[in-house]
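So you can see what is in the structure, the chains are spelled out below.
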Amino acid sequence: YARAAADQELGLRGGRAAALLVLALPGSVYVYQGEELGLPEVTDLPDEAKLDPAFARSGVSRDGCRVPLPWSGDEPPYGFGPGGPRTWLPQPAGGPPLSVAPQTGDDGSMLELYRAALRLRRSVSGDLTWLDTPDHDVLAFRRWQPVYDASGKYLDTNSKLYIVDLANPDEPRIASTVIHDDVD
C-alpha cells in the first residue's frame, strides 16, 4: 500500500486508540471496510483505474478506501474471490502483512484488537459516567457492568504520552498499546 507522507505508525496508534474509544461508548457503531485491519488509504491508484463517479465531476476520488480487502496470500487478489488477480480496483503491492490471515491470532494486530474490543463491548451494559481527572488532557469515563461484577470500565486517551495514575485503577481489560508494569 502506498504510504502518505504522514507518519503511518503514529496514525496506526491513533487509530487503535480511537477504535477503543468508539467501541467503549454506548450506542450503535459502524466499522468501515478495512478499518478492522488497519488498512491505510491507497493514495496511488492510477486515474484510469478510478471508478468513483465523483472523480469524473471533481477530480477527487474515494476509491482509495474501496479496494478489495486482502484476506490471504502473497499477491493480488490476496484471497479476494476465486481465480485470477483481476478485481474491480487494483490491489496495491504490500497487502499480505495487513491481510486477515497473518493478523488472525496475532494479539498485537489491529484485527485482534477489534475482535477483543467487540467481545468486551458485548459484555458491557449500563450508563456512561464521565470521571474527573487531575489533567484536562485526559478523557476518562466509566461504564458499569451490572450483569457480571459491577466493576467499572475506564478509558484513558492520554494525549500527552505520559503515565496517568487513576485514583482507583483496576486491571485493564483491553489497551490500545503495550502496558508496561515497570513504570513508576
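Refer to the structure above for everything that follows.
For the structure given in this document, a descriptive report is provided here. (Residues numbered from 1 in each chain as written. Predicted model: local features only at pLDDT ≥ 70, side-chain atom pairs only at ≥ 80, totals over all residues. Heavy atoms only, no water.)

Here's the deal with the overall build of the chain
- Within the chain, the secondary structure is distributed over four helices and three strands.
- Taken from the N to the C terminus, the helices and strands of the chain come in the order α-α-α-α-β-β-β.
- Here the chain holds 184 residues, and 33% of them are scored as buried.
- Within the chain, contacts between residues separated by at least 24 positions form 47% of all contacts whose residues are at least 6 apart in sequence.
- As displayed, the chain offers around 11800 Å² of accessible surface, 55% of which is attributable to carbon and sulfur atoms. (Helix = DSSP H or I, 4+ residues; strand = E, 2+ residues; numbered from the N terminus. Buried < 20%, exposed > 50% of the residue type's maximum accessible area, 1.4 Å probe, protein only. Contact = heavy atoms within 4.5 Å. Areas by Shrake-Rupley, 256 points an atom, 1.4 Å probe, with all protein chains shown as cover.)

Here we look at the nonpolar core
- Ala-19, Leu-20, Leu-23, Met-110, Leu-113, Tyr-114 and Ala-117 form the largest nonpolar core, which has seven residues in total.
- Elements supplying a minimum of two residues to this core: α1 (8–24) and α4 (110–123).
- Among the elements that line this core, the one with the most residues is α4, at four residues. (Core = buried A, V, L, I, M, F, W, Y, C linked by side-chain atoms within 4.5 Å.)

Examining the side chain of Asp-52
- Note on placement: Asp-52 falls in the loop between α1 and α2 (53–58).
- Within the local environment of Asp-52, its side chain forms a polar contact with the backbone nitrogen of Ala-54, the two atoms lying 3.1 Å apart.
- Looking at Asp-52, its side chain comes within polar contact range of the side chain of Arg-62, at 2.7 Å.
- Apart from residues lying up to four places away in sequence, Asp-52 is in contact with Val-60, Ser-61, Arg-62, Asp-63 and Arg-66. (Polar contact = N/O pair within 3.5 Å; in protein donor to acceptor, adjacent residues only side chain to side chain.)

Some thoughts on α1
- Helix length check: α1, at 17 residues, gives a terminal C-alpha distance of 24 Å against a target of 24 Å (1.5 Å per residue), a fit within 8%.
- Listed in full, the buried residues belonging to α1 are Arg-16, Ala-19, Leu-20 and Leu-23. Along the axis of α1, the buried positions cluster into a sector of 95°, meaning they face one direction only.
- Buried residues along α1 sit in contact with α4. (Expected span 1.5 Å × (residues − 1). Arc of directions from axis to C-beta.)

Structural notes on the packing of aromatic side chains
- Counted by the stated rule, this structure contains three aromatic pairs.
- The interplanar angle of 75° and the centroid separation of 4.8 Å between the aromatic rings of Tyr-30 and Tyr-32 together place this pair among those described as edge-to-face. Here Tyr-30 and Tyr-32 have matching classes, each one exposed. (Phe/Tyr/Trp six-rings, centres within 6.5 Å; stacked < 30°, edge-to-face > 60°.)

In short, the description is geometric, and any link to function would need to be established separately.
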